[in-house]
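The chain contents come next:
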Amino acid sequence: MASAVLPSGSLCAAAAAAAAAPPGLRLRLRLLLLLLSAAALIPTGDGQNLITEDVTVVEGEVATISCRVKNSDDSVIQLLNPNRQTIYFRDFRPLKDSRFQLVNFSNSELRVSLTNVSISDEGRYFCQLYTDPPQEIYTTITVLVPPRNLMIDIQKDTAVEGEEIEVNCTAMASKPATTIRWFKGNKELTGKSEVEEWSDMYTVTSQLMLTVGKEDDGVPVICLVDHPAVKDMQTQRYLEVQYKPQVHIQLTYPPQGLTREGDTLELTCEAIGKPQPVMVNWVRLDDDLPQHAVVSGSNLLINNLNKTDNGTYRCEASNVVGTAHSDYTLYVYDPPTTIPPPTTTTTTTTIPTIITDTTATTEPAVHDSRAGEDNSIRAVDHAVIGGVVAVVVFAMLCLLIILGRYFARHKGTYFTHEAKGADDAADADTAIINAEGGQNNSEEKKEYFI
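Residues numbered from 1 in each chain as written. Predicted model: local features only at pLDDT ≥ 70, side-chain atom pairs only at ≥ 80, totals over all residues. Heavy atoms only, no water.

Engineer: Just to check I follow, could you spell out the overall build of the protein chain for this structure?
Structural biologist: Along its length, the protein chain carries 4 helices and 25 strands. Across the 450 residues of the protein chain, 33% fall into the buried class. Put simply, of all contacts in the protein chain between residues at least 6 apart along the chain, 64% involve residues at least 24 apart. When the accessible surface of the protein chain is totalled, it reaches about 27200 Å², and 54% of it is carbon and sulfur. (Helix = DSSP H or I, 4+ residues; strand = E, 2+ residues; numbered from the N terminus. Buried < 20%, exposed > 50% of the residue type's maximum accessible area, 1.4 Å probe, protein only. Contact = heavy atoms within 4.5 Å. Areas by Shrake-Rupley, 256 points an atom, 1.4 Å probe, with all protein chains shown as cover.)

Engineer: Explanation requested: the state of the cysteines in the structure shown.
Structural biologist: Disulfide: a covalent bond connecting the sulfur atoms of a pair of cysteines. Under the defined criterion, the tally for this structure stands at 3 disulfides. Paired through a disulfide, C67 and C127 show a sulfur-sulfur distance of 1.7 Å. Handedness of the C67-C127 disulfide follows from its S-S torsion of about -65°: it is left-handed. In this pair, C67 sits in strand β3 (residues 63-70) while C127 sits in strand β8 (residues 123-130), placing the two residues 60 residues apart along the sequence. (Disulfide = S-S within 2.5 Å.)

Engineer: Would you take a moment to explain the side chain of Q128 for this structure?
Structural biologist: As for its position among the elements, Q128 is in strand β8. For Q128, a relative accessible area of 15% translates into the label buried. A polar side-chain atom of Q128 sits 2.8 Å from a polar atom in the side chain of Q78. Among the polar contacts made by the side chain of Q128, one reaches the side chain of E136 at a distance of 2.6 Å. With residues near it in sequence (within four places) discarded, Q128 still touches L50, V76, I77, Q78, L80, R84, Q135 and E136. (Polar contact = N/O pair within 3.5 Å; in protein donor to acceptor, adjacent residues only side chain to side chain.)

Engineer: I would appreciate a short explanation of the pattern of salt bridges in the present structure.
Structural biologist: A side chain of one charge can pair with a side chain of the opposite charge when the charged atoms of the two come close. Counted under the stated rule, the structure contains 15 salt bridges. Close ionic contact of E53 with R68 constitutes a salt bridge, the shortest N to O distance being 2.4 Å. Taken together, the positions of E53 in the loop between β1 (49-51) and β2 (55-58) and R68 in strand β3 put the pair 15 residues apart, joining distant regions of the chain. The class for E53 is partly exposed, based on a relative accessible area of 40%. Linking R148 and E59 is a salt bridge whose minimum nitrogen-to-oxygen distance equals 3.0 Å. Within this pair, whereas R148 is found in the loop between β9 (135-144) and β10 (149-154), its partner E59 is found in the loop between β2 and β3, the two being separated by 89 residues in sequence. Because the salt bridges share partners, they merge into one network encompassing D97, R99 and D121. (Salt bridge = Lys/Arg side-chain N within 4 Å of Asp/Glu carboxyl O.)

Engineer: Help me understand the environment of Q234 in this model?
Structural biologist: Relative to the helices and strands, Q234 is located in strand β18 (residues 230-238). For Q234, the residues in contact, after removing those within four places along its chain, are L150, I222, C223 and L224.

Engineer: Even after reading the chapter, I still don't get the nonpolar core, so can you show me in this structure?
Structural biologist: Inside soluble globular proteins, nonpolar side chains tend to come together where they are buried. Core analysis: the largest hydrophobic core is formed by 24 residues, its most contacted members being L79, I87, F100, L110, Y125 and I141. No other element matches the 4 residues that β3 contributes to this core. Apart from residues lying up to four places away in sequence, L79 is in contact with I65, C67, Q85, T86, I87, Y88, L110, V112, Y125, F126 and C127. (Core = buried A, V, L, I, M, F, W, Y, C linked by side-chain atoms within 4.5 Å.)

Engineer: I keep staring at empty space enclosed by the protein and nothing clicks. Help me out?
Structural biologist: Counting across every chain of the model gives 1 cavity of 30 Å³ or more. The volume enclosed by the largest cavity comes to roughly 30 Å³. Every residue along the wall of the largest cavity is listed here: D74, S75, I77, R90, F105, S106 and N107. Within the lining of the largest cavity, the residues separate by chemical class into 2 nonpolar, 3 polar and 2 charged. (1 Å grid on protein atoms, 1.4 Å probe; cavity = no way out; pocket = protein on both sides within 12 Å on 5 of 7 lines; lining within 4 Å. Points joined across faces, edges and corners; volume = space filled by probe spheres on them. Nonpolar A, V, L, I, M, F, W, Y, C, P; charged D, E, K, R; others polar.)

Engineer: It is not clear to me how the sheet that holds strand β23 (residues 299-302) should be interpreted in this structure. Could you clarify?
Structural biologist: Note on sheets: strands pair through backbone hydrogen bonds, and any given pair is parallel or antiparallel. Pairing in this open sheet of 5 strands is mixed, and the strands run β11-β19-β20-β23-β22 from one edge to the other. In this open sheet, the two strands that pair with only one neighbour each are β11 (159-160) and β22 (293-296). Pairing geometry for β22 and β23, over 4 bridges, is antiparallel. Its bridge partner lying in β23, V294 is registered against L301. (Pairing = 2+ DSSP bridges.)

Engineer: Even after reading the chapter, I still don't get unusual backbone geometry, so can you show me in this structure?
Structural biologist: With glycine set apart, most residues show a phi of negative sign, and most peptide bonds adopt trans. Between K175 and the following residue, P176, the backbone shows a cis peptide bond with an omega angle of 0°. Checked against the element boundaries, P176 lands in the loop between β12 (164-174) and β13 (179-184). Note the cis peptide between K274 and P275, where omega equals 0°. Tracing the chain through its elements places P275 in the loop between β20 (265-274) and β21 (280-284). Positive phi is not limited to glycine here, since R90 has a value of about 55°. One can find R90 in the loop between β5 (86-89) and β6 (100-105). When its relative accessible area of 29% is taken as the criterion, R90 is described as partly exposed. Backbone geometry places D286, a non-glycine residue, at a positive phi of 65°. Its location among the elements puts D286 in the loop between β21 and β22.

Pasting the structure below:
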């Protein structure tokens, strides 16, 4: 290994001069003495390599710089800042910045920590190894700065359904520039971002255009920051959307939905909107409300129904956004007629329940009470027809039995008269002669009586 040897008298003179120097110059002379001592024996550097890594740190945290020597032979290691000022020479710190602290020093490593890192500490730091020739590598400290402030602003505090509103989110003074993401509830939306740079810092503003509906009322709009220096940084605002009423008519009585003369009809109007409708209004299309109709808040009551009450009844509700309505069509049927049950057929008639349901649309749903009556009439007709058919079948069976017995009786009598005179005959020829003789005798008796 090659080396350079300095006279020992020169080192002693330098040491004496350092001891006698003023305090301000003493530190520099001591550093010079260390350099001269190191230079007294400088290795060639064959087989030695400096190793270090770049450092990324969040502002205000601690950065650790490590200068390592592979295959070390006790060469001197030195660390310098971006201004080429010596931070550490071996285990000695000439720089007065107390934020730099020695973590580890050995023949193969010089490790230094830097606390409370700021954006001004960013840059290249140099590791030097005193060999022949000298070696030098650098490590880069990158400082991340999270957004100083995150603000969200909505163009209008209260919007109306169908209206388009503007929402802005600003992330101030970050490094690098922030990425802003938008969410409405759990659904991610796309905004338009603009970036402004000032003194190595970035301010990002994102704009979101949003068309709101009544289903968006009370839903949060979330501005979320995507930045390597911070996690889960977000802010949000809740939408307030006004919408016109939604109207629905509920049939309270009669429960089965079939209205007949003499019955009572009770309807309830349900209206929901923002702002909530203060009151509802009942009207009858093409006519006035019946004189015996009673309106109590959202309820319409008509006692002792008759056919003059037929018509379409409308419930109207309104607020500052708009007006909506729902219709109910009333048809009053005749009172029920009692039908005697058939003797051979039993039929069970079920009257279905009519459920009225309307919404506030441009073509409101119409409720008709005639549907239940039609089903009832059809069921009654089937019962009557079944009874009549059973009676007719029973009568026909009885008639067939009577006719059968009658024909059977007369057929036996005929055979008896026809065979008269043949009972005592010895053979067939004699029976025929006797039968003919019987007929002649009968004719003779008829002639005699005449």
